[in-house]
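Descriptive structure summary
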Amino acid sequence: MSDQLPGKDINVLLAAAVAAPSMHNTQPWRFDVQGHVIDVYLDGSRTLPAEDPTGRAMRIAAGAATFNLRCAAESLGYGTWFGLAPYPSDEPDLLARIVIEPSATQNDELRDLAYQIPYRHTERQPSDTNPIAENVRVELMQAAHAEGAELTWLGDDEIRSVLDLVLDTDLREIHEWQRRAERSHWVGGHRPLDGVPSSALGPRSINYPAAVRDLGTRPNDRLRAERTFEQHPDLAILSTDFDEPSDQVSAGAALERVLLTATRAGVSASFLNQPLEYDDLRPKVQRLTGRPGHAHMIIRFAHSPHHTETGRRPITSLCRTDLVPKVAR
Ligand SMILES: Cc1cc2nc3c(=O)[nH]c(=O)nc-3n(C[C@H](O)[C@H](O)[C@H](O)COP(=O)(O)O)c2cc1C
């Protein structure tokens, strides 16, 4: 075995990693490739101090990127083993260390999910009226479980409670100019490399509170077309038993496994995470699941035919190795 992963493989691995979702598409990660080891670090220049002061969303995003790396490694014929947030006190920015080695045994499920990575997007469009099929619900719960998390589907009463919490957060935000200023820095307009472009915001909702989060803050984005969103959205909460940094990274891996599994089943997702951005509301969200734990994502699953892409920074600017070919995205 060579001492170093081939440059073309590093390119495939990192392109998959950066396709992961991140709050406001900040892409808060950087990578260090040494031999057959890839370290995933937080990028301290991509923080959201007003909306994500503790870095929870950054760790979730890095966990999702790590999961994509594992899938891509399987698609290239490698096996992986990894540790999440291995040195939380000494190296808090090191969120995952992944060892990528030739392997006789393959994880067919991860290899299959790798093919879904380019097709997964956050879709903020109204859903058709068909509920998510029972077998798909079970499959998504199993996907979360496989990464050490729980996905809990909400009933009608709990969905109403989530929408009430959304209303509550919208009212709070009226007085929080820092959050709105931060969002307008990342959202709206033409954004080829990062942030959420106007084209990805989806229509505004006629009904309120809506099953979709309207991230638009700019005057032009307030003039978007309006559509009616579903009255009975399919909502689920992703949570973990504990809330250490490694649990937040695991939650990100579970999130991405759920999202890729949903993509394969023809189901799209968007997020109503605003209540989870307030420390006093997060436990209320978890209570809706009926079990102890810590809520990380409120996911709305839908059937919507759109494919809304967001940009990514070139991987050459995110990686400490000279082996990434210049053709990288
Ligand atoms: C931790 C986290 C929180 C997010 N919160 C929201 C949210 O509340 N509302 C929303 O519409 N999108 C949310 N997103 C989705 C991001 O905006 C999206 O991943 C990013 O813009 C990149 O787009 P893509 O998912 O289509 O690749 C969140 C993503 C992550 C990882």
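Rules behind the numbers
- Residues numbered from 1 in each chain as written.
- Predicted model: local features only at pLDDT ≥ 70, side-chain atom pairs only at ≥ 80, totals over all residues.
- Helix = DSSP H or I, 4+ residues; strand = E, 2+ residues; numbered from the N terminus.
- Rg over C-alpha atoms; globule rule 2.2 N^0.38 Å.
- Contact = placed C-beta atoms within 7 Å.
- Core = buried A, V, L, I, M, F, W, Y, C linked by C-beta atoms within 7 Å.
- Buried ≥ 20, exposed ≤ 12 C-beta atoms within 10 Å, placed from the backbone.
- Domains from an automatic or database assignment.
- Expected span 1.5 Å × (residues − 1).
- Arc of directions from axis to C-beta.
- Near = placed C-beta within 6 Å.
- Nonpolar A, V, L, I, M, F, W, Y, C, P; charged D, E, K, R; others polar.
- Axes fitted to C-alpha atoms, helices over the stretch in contact; angles between N-to-C directions.
- Left-handed = near helix turned anticlockwise from the far one by under 90°.
- Pairing = 2+ DSSP bridges.

Here the focus is the overall build of the chain. In terms of helices and strands, the chain carries eight helices and 11 strands. Against the compact-globule benchmark of 20 Å for 329 residues, the chain has a radius of gyration of 19 Å, which places it among compact chains. Based on the C-alpha atoms only, the size of the chain along its principal axes is roughly 60 × 40 × 40 Å. Partitioning the intrachain contacts of the chain with sequence separation of at least 6 by distance along the chain shows that 74% fall at a separation of at least 24.

The next thing to look at is the nonpolar core. Grouped together as the largest cluster of nonpolar side chains are 76 residues, with contacts concentrated most on Ala-61, Ala-62, Ala-65, Leu-238 and Val-258. For this core, the element with the highest residue contribution is helix α2 (residues 56–75), accounting for 12 residues. Domain assignment of the residues forming this core places at least three in each of domain 1 (7–121) and domain 2 (134–302). Among all residues touching Ala-62, those that are not within four sequence positions of it are Pro-28, Trp-29, Val-40, Leu-42, Leu-95, Ala-96, Val-249 and Gly-252.

As a further point, take helix α5 (residues 156–173). End to end, α5 covers 26 Å across 18 residues, agreeing with the expected 26 Å (1.5 Å per residue, within 8%). Buried within α5 are the following residues: Val-162, Leu-165, Val-166 and Thr-169. The arc that holds every buried residue of α5, seen down its axis, measures 105°, which confines them to one face. Residues of α5 that are exposed and angled more than 90 degrees away from the buried face: Asp-156, Asp-157, Asp-164 and Leu-171.

Around the ligand lies a shell of 19 residues, among which Pro-21, Asn-25, Thr-122, Phe-271 and Asn-273 are the nearest. Elements with a minimum of two residues in the shell around the ligand: α2 and β9 (268–271). Within the shell around the ligand, the residues separate by chemical class into eight nonpolar, nine polar and two charged. When residues of the shell around the ligand are assigned to domains, at least three map to each of domain 1 (7–121) and domain 2 (134–302).

A few words on the domain arrangement of the chain. Many analyses report the size of an interface as the accessible area lost when the parts associate. Structurally, the chain comprises domain 1 (7–121) and domain 2 (134–302). Inter-centroid distance (C-alpha atoms) of domain 1 to domain 2 is 21 Å. Between domain 1 and domain 2, the contact holds 29 residues from the first and 27 residues from the second. Residue assignment for the side of domain 1 that touches domain 2 shows that the elements contributing at least two residues are α2 and β4 (94–102). With 10 residues, α2 is the single largest residue contributor to the side of domain 1 that touches domain 2. Looking at side-chain class alone, the side of domain 1 that touches domain 2 contains 17 nonpolar, eight polar and four charged residues.

Further remarks concern the packing of helix α1 (residues 7–18) against α2. Where α1 contacts α2, the two axes come as close as 7 Å, and the packing angle between them is 145°. Judged by the twist between their axes, the crossing of α1 over α2 is right-handed. Across the interface between the two elements, Val-12, Leu-13, Ala-16, Ala-17 and Val-18 from α1 touch Ala-65, Asn-68, Leu-69, Cys-71, Ala-72 and Ala-73 from α2. For the contact of α1 with α2, the per-class residue count stands at 10 nonpolar, one polar and no charged.

Here the focus is the environment of Asp-221. Tracing the backbone through its elements, the reader meets Asp-221 in the loop between β6 (204–205) and β7 (226–227). Residues Asp-221 and Gly-202, spaced 19 residues apart in sequence, show a C-alpha to C-alpha distance of 9.9 Å. Residues contacting Asp-221, with those up to four places away along its chain left out, are Gly-188, Ser-198, Leu-201 and Gly-216.

What the four strands build is an open sheet, ordered β5-β8-β10-β9; its pairing is antiparallel. In this open sheet, the two strands that pair with only one neighbour each are β5 (150–153) and β9. For this sheet, the mean inter-axis angle between neighbouring strands, taken without regard to orientation, is 35°. Bridge count for β5 against strand β8 (residues 234–240) is four bridges, and the pairing is antiparallel. Residue pairing across strands places Glu-150 opposite Ser-239, the latter belonging to β8. Where helix α4 (residues 134–146) meets the sheet, it contacts β5 and β8, and its direction lies at approximately 150° from that of β5. Running at roughly 150° to β8, helix α7 (residues 245–264) makes contact with β5, β8, β9 and β10 (294–302) of the sheet.

Only one face of strand β2 (residues 37–42) is covered, namely the face carrying Ile-38, Val-40 and Leu-42; the face carrying Val-37, Asp-39 and Tyr-41 is uncovered. In this antiparallel pair of consecutive strands, strand β1 (residues 29–34) and β2, the connection spans two residues, and Gly-35 shows a positive phi of 60°. When β2 meets β4, the two strands line up antiparallel, connected through five bridges. In the sheet register, Val-40 faces β4, and the bridge partner there is Ala-96.

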